[in-house]
Amino acid sequence: MSKYQHIQQEAYEANMQLPKLGLVLFTFGNVSAADRSLGVFAIKPSGVAYEDLTPGKMVIVDFEGKTVEGDLRPSSDTLTHAVLYKHWEKIGGIVHTHSTYATSWAQSQRDIPIFGTTHADYNTVDIPCAPPMSDEMIQGNYEHETGFQIMNCFAAKGLSYEEVEMVLVGNHAPFTWGKNAAKAVHNSAVLEQVAQMALLTEQINPKAPRLKDALIRKHYERKHGPDSYYGQ
Ligand SMILES: O=C(CO)[C@@H](O)[C@@H](O)COP(=O)(O)O
């Protein structure tokens with residue numbers, strides 16, 4: 001019996017939500033669940049179909065990206081997860097998908113504008129898109145650099161990972177996170193819905209106005225409590 005079975009179970013259950021929510025095709029995407037007291041996370045094995053997953057197949061990795069337990073190869077995005085766990089100390093779960101609408105915004109290299117209250121319930125800012133990798137980063141370790149691509153974007157925009165729990169990686173696809181894997185999966189589903197609504201909004205009315213800040217504040221604080229608004 002693995003001493004990591006608790007996070008293997010958490011990661012397994014969260015991974016199995018991705019196809020149920022329509023967020024992945026085939027073996028796309030991956031979810032991880034961390035145990036900070038042990039300094040490790042459990043992550044989906046690379047290239048394994050969701051229907052073939054079991055809790056025991058989740059690979060245990062430390063925050064340096066080194067496999068601690070497991071015979072299967074961890075997800076190809078493992079180093080991105082490891083960088084974020086190492087530097088963003090409050091997150092307990094991370095999701096990466098190639099969900100259609102969020103990925104289309106990521107490929108367009110645009111932030112998702114805040115057009116409505118669905119978005120405002122979860123974020124008071126446009127959902128950020130991290131600029132594509134520099135030539136120098138591309139020559140480096142791609143998955144490792146993706147973690148820094150995300151953190152550099154948040155630093156440049158003055159965003160807190162504890163307030164905004166989602167990002168589009170330019171020319172790639174979305175990553176979301178949260179206090180645990182289930183919350184990160186919830187954020188991935190919300191991101192995909194908001195991305196689809198925003199695309200349709202712009203198609204219906206290319207001049208659709210952004211939501212007024214006063215209404216963003218009202219909606220966000222209704223859900224997250226007074227003085228929780230952090231603005232654009
Ligand atoms: O981002 C990508 C590919 O661009 C990955 O999420 C996707 O292919 C899934 O890879 P893994 O099976 O997790 O190694």
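Details of the structure are given in the entry above.
The present account deals with the structure reproduced in this document. (Residues numbered from 1 in each chain as written. Predicted model: local features only at pLDDT ≥ 70, side-chain atom pairs only at ≥ 80, totals over all residues. Heavy atoms only, no water.)

This next bit is on the overall build of the protein. When you go through the protein residue by residue, the secondary structure sums to eight helices and eight strands. Since a compact globule built from 232 residues should have a radius of gyration of about 17 Å, the 17 Å found for the protein is in line with a globular shape. Counting every position in the protein, which comprises 232 residues, the buried fraction comes to 52%. Look at the contacts in the protein between residues 6 or more apart in sequence, and 63% of them connect residues 24 or more apart. (Helix = DSSP H or I, 4+ residues; strand = E, 2+ residues; numbered from the N terminus. Rg over C-alpha atoms; globule rule 2.2 N^0.38 Å. Buried < 20%, exposed > 50% of the residue type's maximum accessible area, 1.4 Å probe, protein only. Contact = heavy atoms within 4.5 Å.)

With that out of the way, let us pick up the pattern of salt bridges. All told, the structure shown has eight salt bridges when counted by the stated rule. Between lysine 90 and glutamate 162 there is a salt bridge, and its shortest N-O distance comes to 3.3 Å. With a gap of 72 residues between them, lysine 90 in the loop between helix H2 (78-87) and strand S5 (93-96) and glutamate 162 in the loop between helix H6 (142-157) and strand S7 (166-169) connect regions that are remote in the sequence. Residue glutamate 162 is classed as partly exposed on the basis of its relative accessible area, which comes to 45%. (Salt bridge = Lys/Arg side-chain N within 4 Å of Asp/Glu carboxyl O.)

Here the structure, examined in full by the defined rule, presents eight aromatic pairs. On the basis of an interplanar angle of 15° and a centroid distance of 5.6 Å, the ring pair of phenylalanine 63 and tyrosine 85 is categorised as stacked. Here the residue phenylalanine 63 occupies a position in the loop between strand S3 (59-62) and strand S4 (67-69), and tyrosine 85 occupies one in helix H2, the gap between them amounting to 22 residues. Accessibility assignment for this pair places phenylalanine 63 and tyrosine 85 in one class, buried. When the ring of tryptophan 88 is compared with that of tyrosine 161, the centres are 4.8 Å apart and the planes differ by 5°; the resulting orientation is stacked. Of this pair, tryptophan 88 sits in the loop between H2 and S5 while tyrosine 161 is found in the loop between H6 and S7, placing the two residues 73 residues apart along the sequence. With relative accessibility at 8%, the residue tryptophan 88 sits in the buried group. (Phe/Tyr/Trp six-rings, centres within 6.5 Å; stacked < 30°, edge-to-face > 60°.)

In this section: the sheet that holds strand S8 (residues 174-178). Taken together, eight strands build an open sheet; the order of strands is S4-S3-S2-S1-S5-S8-S7-S6 and the sheet is mixed. Only two strands of the sheet have a single neighbouring strand rather than two, namely S4 and strand S6 (129-130). Where S6 and S7 come together, two bridges link them in parallel fashion. Residue pairing in the sheet places cysteine 129 in a bridge with leucine 168 of S7. Its contacts with the sheet put helix H1 (residues 5-20) on strand S1 (30-35), strand S2 (40-43), S3, S4 and S5, and the angle it makes with S1 is roughly 155°. (Pairing = 2+ DSSP bridges. Axes fitted to C-alpha atoms, helices over the stretch in contact; angles between N-to-C directions.)

As a further point, take the site of the ligand. Surrounding the ligand, one finds Thr27, Gly29, Asn30, Lys44, Ser46, Gly47, Ser75, Ser76, Asp77, His96, His98 and His172. Serine 75 places a side-chain nitrogen or oxygen 2.7 Å from an oxygen atom of the ligand. At a separation of 2.8 Å, an oxygen atom of the ligand approaches a polar side-chain atom of histidine 98. Here the ligand, which alone exposes 370 Å², has 77% of that area covered by the protein. By residue class, the composition of the shell around the ligand is no nonpolar, ten polar and two charged. (Near = heavy atom within 4 Å. Polar contact = N/O pair within 3.5 Å; in protein donor to acceptor, adjacent residues only side chain to side chain. Areas by Shrake-Rupley, 256 points an atom, 1.4 Å probe, with all protein chains shown as cover. Nonpolar A, V, L, I, M, F, W, Y, C, P; charged D, E, K, R; others polar.)

This part is about the side chain of serine 99. Tracing the backbone through its elements, the reader meets serine 99 in the loop between S5 and helix H3 (100-108). With sequence-adjacent residues up to four places away left out, serine 99 is seen in contact with Leu23, Pro174 and Glu192.

Of note in the backbone geometry, asparagine 171 takes a positive phi value of approximately 65° without being a glycine. Examined against the element boundaries, asparagine 171 turns out to sit in the loop between S7 and S8. By relative accessible area, asparagine 171 is classed as partly exposed at 45%.

Interpretation note: all reported values are geometric properties and have no functional meaning in isolation.
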